[in-house]
Amino acid sequence: MGSVLGISNNVHAKAEETSVVIRNVEYSGKDGAALPHHDKIRIMIFDDGTGFDTAALYAASGLHFGMRGMEMRAKLLGGTLTITSKPETGTEVRVDVPANG
């Protein structure tokens, strides 16, 4: 699914180590904790690269073209894209999509 979303090559620029985790999850509701189930599939990609300031990127031009494309592909699958990054801390890309979609 990483190639469908275009995230496998985008997230780990300048990183020495990249990890990919794929899980079946269900949200418990109150605290947002995930429990093993088959309602959604969560794809998480982490790296130890240079990171970037996501707030500045969103403020400057909405979404960068590559991130906009990843978000659009996640939405086409009925899911969401979350990108967490800070300068010098690496990046996490998280995609949640319905397991049945």
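Residues numbered from 1 in each chain as written. Predicted model: local features only at pLDDT ≥ 70, side-chain atom pairs only at ≥ 80, totals over all residues. Heavy atoms only, no water.

1. Digging into the overall build of the protein
Then, number 1: Across its full length, the protein holds three helices and five strands.
Then, number 2: Tracing the protein from N to C terminus, the helices and strands come up as α-β-β-β-α-α-β-β.
Then, number 3: When the 101 residues of the protein are sorted by exposure, 29% land in the buried category.
Then, number 4: Once local pairs closer than 6 in sequence are excluded, the contacts in the protein between residues at least 24 apart make up 57%. (Helix = DSSP H or I, 4+ residues; strand = E, 2+ residues; numbered from the N terminus. Buried < 20%, exposed > 50% of the residue type's maximum accessible area, 1.4 Å probe, protein only. Contact = heavy atoms within 4.5 Å.)

2. A look at the environment of Asp39
Then, number 1: Among the secondary structure elements, Asp39 is positioned in the loop between β2 (34-36) and β3 (40-47).
Then, number 2: Asp39 gets classed as partly exposed once you look at its relative accessible area, which sits at 41%.
Then, number 3: Put simply, Asp39 and Asn100 are 61 residues apart on the chain and 7.4 Å apart in space, counted from C-alpha to C-alpha.

3. Quick look at the side chain of Asp96
Then, number 1: Within the element layout of this structure, Asp96 appears in strand β5 (residues 91-98).
Then, number 2: Using a relative accessible area of 8% as the deciding quantity, one classes Asp96 as buried.
Then, number 3: At 2.8 Å, the side chain of Asp96 forms a polar contact with the side chain of Arg42. (Polar contact = N/O pair within 3.5 Å; in protein donor to acceptor, adjacent residues only side chain to side chain.)

4. Remarks on the pairing of β3
Then, number 1: Here β3 lies mainly inside the structure; six of its eight residues are buried.
Then, number 2: In this sheet, β5 lies alongside β3 in antiparallel orientation, the contact comprising eight bridges. Across the sheet, the residue bridging to Ile45 is Val93, located in β5. (Pairing = 2+ DSSP bridges.)

5. Some words on the pattern of salt bridges
Then, number 1: Scanning the model with the defined rule gives two salt bridges in all.
Then, number 2: Between Asp96 and Arg42 there is a salt bridge, with the nearest N and O atoms lying 2.8 Å from each other. Of this pair, Asp96 sits in strand β5 while Arg42 is found in strand β3, placing the two residues 54 residues apart along the sequence.
Then, number 3: The exposure class of Arg42 is buried, given its relative accessible area of 9%.
Then, number 4: Residue Arg94 pairs with Glu92 through a salt bridge whose shortest N-O separation is 3.0 Å.
Then, number 5: Residue classification places Arg94 among the partly exposed residues on the basis of a relative accessible area of 27%. (Salt bridge = Lys/Arg side-chain N within 4 Å of Asp/Glu carboxyl O.)

6. Structural notes on the side chain of Ser85
Then, number 1: Along the chain, Ser85 turns up in strand β4 (residues 80-85).
Then, number 2: Only 3.0 Å separates the side chain of Ser85 from the backbone oxygen of Gly90, close enough to count as a polar contact.
Then, number 3: Of note is the side chain of Ser85, whose polar atom sits 2.9 Å from the side chain of Thr91.
Then, number 4: Filtering out sequence-adjacent residues up to four positions away, Ser85 remains in contact with Gly51, Phe52, Thr54, Gly90 and Thr91.

7. A few points about the environment of Arg68
Then, number 1: Looking at the element boundaries, Arg68 is found in helix α3 (residues 65-76).
Then, number 2: Arg68 sits in the partly exposed class, given a relative accessible area of 35%.

Interpretation note: all reported values are geometric properties and have no functional meaning in isolation.
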